[in-house]
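# Topology and contacts: notes
Now for the letters of each chain:
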Amino acid sequence: IGFQVPAPKRGEIVRQIGDALRAKLQQLGRLVSLEMGKILPEGIGEVQMWNPLGIVGVITAFNFPSAVLGWNACLALVCGNCVVWKGAPTTPLVTIALTKLIAEVLEKNELPGAIFTSLCGGAEIGQAIAKDTRIPLVSFTGSSKVGQIVQQTVSQRFGKCLLELSGNNAIIIMDDADIQLAVRSVLFAAVGTAGQRCTTCRRLLLHESIYKKVLDQLVESYKQVKIGDPLQKGILLGPLHTPESQKNFERGMELIKSQGGNILTGGSIIKSDGNFVQPTIVEVAPTVLAVKEELFAPVLYVMKFKTLEEAIEINNSVSQGLSSSIFTQKPQTIFKWLGPLGSDCGIVNVNIPTNGGREAGSDSWKQYMRRSTW
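Residues numbered from 1 in each chain as written. Predicted model: local features only at pLDDT ≥ 70, side-chain atom pairs only at ≥ 80, totals over all residues. Heavy atoms only, no water.

The protein carries the name Aldehyde dehydrogenase family 7 member A1 in an unreviewed UniProt entry, which gives Linum tenue as its organism. The heading Catalytic activity (unreviewed entry) in the UniProt record of the protein holds the text "an aldehyde + NAD(+) + H2O = a carboxylate + NADH + 2 H(+)". (UniProt positions renumbered as here; feature names shortened; annotations may be inferred.)

Following this line, the structure appears as structure tokens:
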């Protein structure tokens, strides 16, 4: 029952509890001293201070080699920490360029370059950062498989971890939604960055009354997507990052077809220079096993629902809980979606794509600091 009470009301109750405790502060302090043995000033209260952790390790992925660093490094530096950054092994030029620019700013302000250090290389560098006891916090962005290894390694030495891992993100379109807005948003969320964002829309949940209408418009939009050199103007879909990514796409298509998926458009690689694939829409049941896993490619699984409760259940039915969004005009639907019985994702959007950043919260800076009490 407690979590269904609105947040302002919960806050007011906590404030009243605080008032009640403060009203009996001396008596409670004496009780603590009597039963625990603390001297009276200790029993009466404590004060907390925030201090830097020292060094923050940042391990970023290939898909956002600049942005993820910024989200982490800016907060870490503002909090008074030094940063050790390992960029993705397949984006070394970005790592070098950003490091040079940051070093120039530090030098201009007469600060030592060691405040921000970067390393290029493979998994062995990430392992070294995770094991190093001089680095109290490690922020890792990447796959769930590697993230689990990083967490276990850091936890063994009692360090802290910030993890942004796989995302199997869903968009729900209700029967009262602005369909044109929703279709444009889905196209951007599912096809942008060739489906290689952590927040890429991978599952589309359509109300049964608008299912065909939305799907017809979306399929037509997919057929008009321009594919090619990502440096050319007007191109919406560039290549996948590596040849292995293209092979994973092929394996994913074979798997979904074997599990009953109906490919409405796309579904094949494009034989040319580069790791190009067709943007793909697959009609499928929400219970199919392939839907439960993240395929890092422009593949959108489409399914229908009857009620909001069913849609929320489907949204929450996967183990990856990064981002989610709903398209609706009804305030009551929005409040339920945002509330304790709604989306279980860290990012919960309304009438916009499945975008957002983990480090955007007002309390995110606290992860990069430690509390001291006296």
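Resuming the write-up.
### Section: the overall build of the protein
The helix and strand inventory of the protein stands at twelve helices and 14 strands. Across the 374 residues of the protein, 41% fall into the buried class. Counting only contacts in the protein whose residues sit at least 6 apart along the sequence, the fraction spanning at least 24 positions is 69%. As displayed, the protein offers around 19900 Å² of accessible surface, 59% of which is attributable to carbon and sulfur atoms. (Helix = DSSP H or I, 4+ residues; strand = E, 2+ residues; numbered from the N terminus. Buried < 20%, exposed > 50% of the residue type's maximum accessible area, 1.4 Å probe, protein only. Contact = heavy atoms within 4.5 Å. Areas by Shrake-Rupley, 256 points an atom, 1.4 Å probe, with all protein chains shown as cover.)

### With respect to helix α11 (residues 308–315)
When α11 is considered as a whole, its buried residues turn out to be Leu308, Ala311, Ile312, Ile314 and Asn315. On an axial view of α11, the arc spanned by its buried residues comes to 160 degrees, and they lie on one face. (Arc of directions from axis to C-beta.)

### Overview of the pairing of strand β3 (residues 82–86)
Extensive coverage of β3 is indicated by the burial of four of its five residues. Where strand β2 (residues 55–59) lies against β3, five bridges are found, and the strand directions are parallel. When the bridges of β3 are listed, Ile59 appears paired with Lys86. You can see the chain leave β2, run along helix α4 (residues 67–78) and come back into β3, and the turn it takes is right-handed. Pairing between β3 and strand β4 (residues 116–119): four bridges, direction parallel. What sits directly across from Val84, in β4, is Thr117. Between β3 and its parallel partner β4, the chain crosses via helix α5 (residues 92–108), and the hand of that crossover is right-handed. (Pairing = 2+ DSSP bridges. Right-handed = clockwise from strand over helix to strand, strands pointing away.)

### Quick notes on the pattern of salt bridges
According to the stated counting rule, one finds seven salt bridges in the structure shown. Measuring nitrogen to oxygen at the nearest pair gives 2.6 Å for the salt bridge that ties Glu104 to Lys100. On the criterion of helical spacing, the pair formed by Glu104 and Lys100 is a turn pair, its members being four residues apart in helix α5. Under the relative-accessibility criterion, Glu104 is labelled partly exposed at 39%. Residue classification places Lys100 among the exposed positions, given a relative accessible area of 53%. (Salt bridge = Lys/Arg side-chain N within 4 Å of Asp/Glu carboxyl O.)

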